[in-house]
Amino acid sequence: MIKQNIKNSLSICFNRRMLTTFVMGFSSGMPLLLTISVLQIWMREEGVDLSTIGLMALVGLPYTLKFIWAPILDRFTLPFLGRRRGWLVLIQLLLALAIASLGLSNPVESPWTIAFLALLVTFFSASQDIVIDAYRREHLSENELGMGSSLYVYGYRTGMLLASGGGLILADSLGFATVYMLMGLCMSIGIITTLMSPEPTVTAKPPSSLKAAVVEPFKEYFTRDSAWTILLFILLYKLGDTLASAMTSPFYVDLGFSSTEIGVTVKFFGFWATLIGAFLGGALIIKLGIYRALWLFGLLQMASTAGFAVLAQTGYNMNLLAAVIGFENLTAGMGTAAYMAFMAALTDKRFTATQYALLTSLMGVPRTLISAPSGYLAEIMGWTEFFILCTLIALPGLWLLRHFSSWHSQTDQSAQPSHQAK
């Protein structure tokens, strides 16, 4: 029995569908930091004022608003490559051109051109995410969603590392303009993968009109039992973890850690712990099912957040810093894998792009809005009390999780959660 379970897990982990999922994750992750940290550093080095750089944060709005145009990608099929692959290749080509075009502009002489091109990058990047999320949901079987989410996170983090770490290193010798053109060229990896991948086979009939594509996904979702409870759960499940993460950098500084100590520890322990957590999370989802995995990973996330309170009491300690960062990133990777598998399993395959875009847009609310007062809370409460609060804030999300007890089985991924959640 044990050998058979291991064999089944390995067959899920190592197949062509999982490789495709990994590479598509890479294509999704690479553009993100090119319009945030990399672009900010380039503009600052060129002497652009901080107020202009601050306003550049607004170019990230398409990631939050992507559910608005997702129905178009659900409704219409281009006359080549199929419903998902046709859109994906076109968007990836436009995204590659937009990234490369940033390298042809000057941040000092034409900051608004840079802003417009960065907005195009985020728009096409968010659109790519819509289609890739839909492709992954339709291409993977139910019992592959957990590991598929893990490998997607792997690819996503690898793409981010190439764009930020690799891009900044190359910029010192080649210049930022060349880096952006090279990053545009790197999008060819995703384009080739899309061309070589099969179009998902979906038996569910897609919407027959644009009106149906806009109305039916929301109508179908909000007529389900516990539809609002599910949305509230998505908002709350990682709230404590997200709220704590928003203030970790100034927290490390206040404890006396240098930028080098923070950078090396976060990059080394944090990056690899996240990848290990994502893989381990996917493997455990196969074994435990989504429901029990969400419980386990949620409790582990609480424990990792409490670790920051322990560090706040201990003070400067490199070994404890490495342990806290490693454990926090490990549990975050596990939680993200289950979180994404949960949302993927909720979608109706007729409207995959629109419903998944709605859920993932909602997932970003804690990061962009609810975390905004985190600095104020830390200032008035102190670090120890702040991280204790972040630990306790995770409890409402776990309390809501009990509403999905019908998922409780090792085969709960083969259930239809979108219609069974009570």
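Residues numbered from 1 in each chain as written. Predicted model: local features only at pLDDT ≥ 70, side-chain atom pairs only at ≥ 80, totals over all residues. Heavy atoms only, no water.

Enquirer: Sorry if this is basic, but what is going on with the nonpolar core here?
Expert: Judged by nonpolar contacts, the single largest core of 95 residues is most densely connected at Ile99, Tyr180 and Phe342. Of all the elements, helix H8 (residues 111-139) adds the most residues to this core, at 12 residues. Beyond its immediate sequence surroundings of up to four residues, Ile99 is in contact with Met30, Pro31, Leu34, Val121, Tyr180, Met183, Gly184 and Met187. In this structure, Ala244, Ala312, Leu321 and Trp383 belong to the second largest nonpolar core, which totals 19 residues. (Core = buried A, V, L, I, M, F, W, Y, C linked by side-chain atoms within 4.5 Å. Buried < 20%, exposed > 50% of the residue type's maximum accessible area, 1.4 Å probe, protein only. Helix = DSSP H or I, 4+ residues; strand = E, 2+ residues; numbered from the N terminus. Contact = heavy atoms within 4.5 Å.)

Enquirer: Just to check I follow, could you spell out the packing of aromatic side chains for this structure?
Expert: Each aromatic ring pair is characterised by the separation of its centres together with the angle its planes make. Enumeration according to the criterion identifies 15 aromatic pairs in this entry. Seen in terms of ring centroids, Tyr152 and Tyr156 are 5.9 Å apart; in terms of plane orientation they differ by 40°. Their pairing is tilted. With a gap of 4 residues between them, Tyr152 and Tyr156 both fall in helix H9 (residues 145-174), about one helical turn apart. With a relative accessible area of 5%, Tyr152 lands in the buried category. Residue class for Tyr156 comes out buried when judged on its relative accessible area of 18%. Taken together, a centroid distance of 5.9 Å and an interplanar angle of 45° make the contact between Phe251 and Tyr252 tilted. (Phe/Tyr/Trp six-rings, centres within 6.5 Å; stacked < 30°, edge-to-face > 60°.)

Enquirer: Whenever I open this one, the side chain of Asn329 confuses me. Can you help?
Expert: Position of Asn329 among the secondary structure elements: in helix H18 (residues 318-346). Given the relative accessible area of 15%, Asn329 is considered buried. Side-chain polar atoms of Asn329 contact the backbone oxygen of Ile325, separated by 2.8 Å. In this structure the side chain of Asn329 is engaged in a polar contact, spanning 3.4 Å, whose partner is the side chain of Glu328. Look past the residues within four positions of Asn329 in its chain and what remains in contact with it is Gly270, Ala273 and Thr274. (Polar contact = N/O pair within 3.5 Å; in protein donor to acceptor, adjacent residues only side chain to side chain.)

Enquirer: It is not clear to me how H18 should be interpreted in this structure. Could you clarify?
Expert: Owing to its 3.6 residues per turn, the α-helix brings residues three or four apart onto one side. End to end, H18 covers 42 Å across 29 residues, agreeing with the expected 42 Å (1.5 Å per residue, within 8%). Burial analysis of H18 places 22 of its 29 residues in the buried class, the great majority of the element. N-cap assignment for H18: the residue whose side-chain oxygen lies 3.1 Å from the backbone N of Asn319 is Asn317. (Expected span 1.5 Å × (residues − 1).)

Enquirer: Mind showing me how you'd approach the environment of Val48 here?
Expert: With respect to the helices and strands, the residue Val48 is situated in the loop between helix H3 (37-45) and helix H4 (50-55). Sequence separation between Val48 and Glu109 is 61 residues, and the spatial gap between their C-alpha atoms is 9.7 Å.

Enquirer: Looking at this structure, how should I read a nonpolar patch on the surface?
Expert: There is a patch of nonpolar side chains on the surface, built from Phe80, Leu81, Leu90, Leu94, Leu97, Ile192, Leu195 and Met196 and spanning about 710 Å² of accessible area. Elements with a minimum of two residues in the nonpolar patch: helix H7 (85-102) and helix H11 (188-196). Here Ile192 lies in helix H11. (Patch = residues over 30% accessible without salt bridge, like charges linked within 9 Å, V, L, I, M, F, W, Y side chains within 5 Å. Areas by Shrake-Rupley, 256 points an atom, 1.4 Å probe, with all protein chains shown as cover. Salt bridge = Lys/Arg side-chain N within 4 Å of Asp/Glu carboxyl O.)

Enquirer: Where do I start with the side chain of Thr20 in this structure?
Expert: Turning to its location among the elements, Thr20 is positioned in helix H2 (residues 16-29). Accessibility expressed as a relative area gives 6% for Thr20, which makes it buried. Once you skip the residues sitting within four places of it in the chain, Thr20 turns out to touch Tyr135, Thr193 and Ser197.

Enquirer: Help me out: how do you make sense of unusual backbone geometry in this one?
Expert: Trans is the common state for peptide bonds, and a negative phi is the common state for residues other than glycine. Phi is positive for Leu81, close to 70°, though the residue is something other than glycine. Assignment of secondary structure puts Leu81 in the loop between helix H6 (70-75) and H7. Taking relative accessible area as the criterion, Leu81 reaches 30% and is therefore assigned partly exposed.

Enquirer: I'm lost on the pattern of salt bridges in this one. Help?
Expert: Opposite charge on two side chains permits them to pair, given that their charged atoms come into close proximity. The full count for this structure, using the stated rule, is 5 salt bridges. Residue Arg84 pairs with Asp74 through a salt bridge whose shortest N-O separation is 2.9 Å. Of the two residues, Arg84 is situated in the loop between H6 and H7 and Asp74 in helix H6; the sequence distance between them amounts to 10 residues. In this structure Asp74 comes out as buried when scored by relative accessible area, which is 1%. Residues Arg136 and Asp133 are paired through a salt bridge, measuring 3.2 Å at the closest nitrogen-oxygen approach. Of this pair, Arg136 and Asp133 both sit in helix H8, 3 residues apart, which is roughly one turn of the helix. Take Arg136 and Asp133: they sit in the same class, and that class is buried. When salt bridges that share partners are traced, they join Asp74, Arg83, Arg84 and Glu138 into one network.

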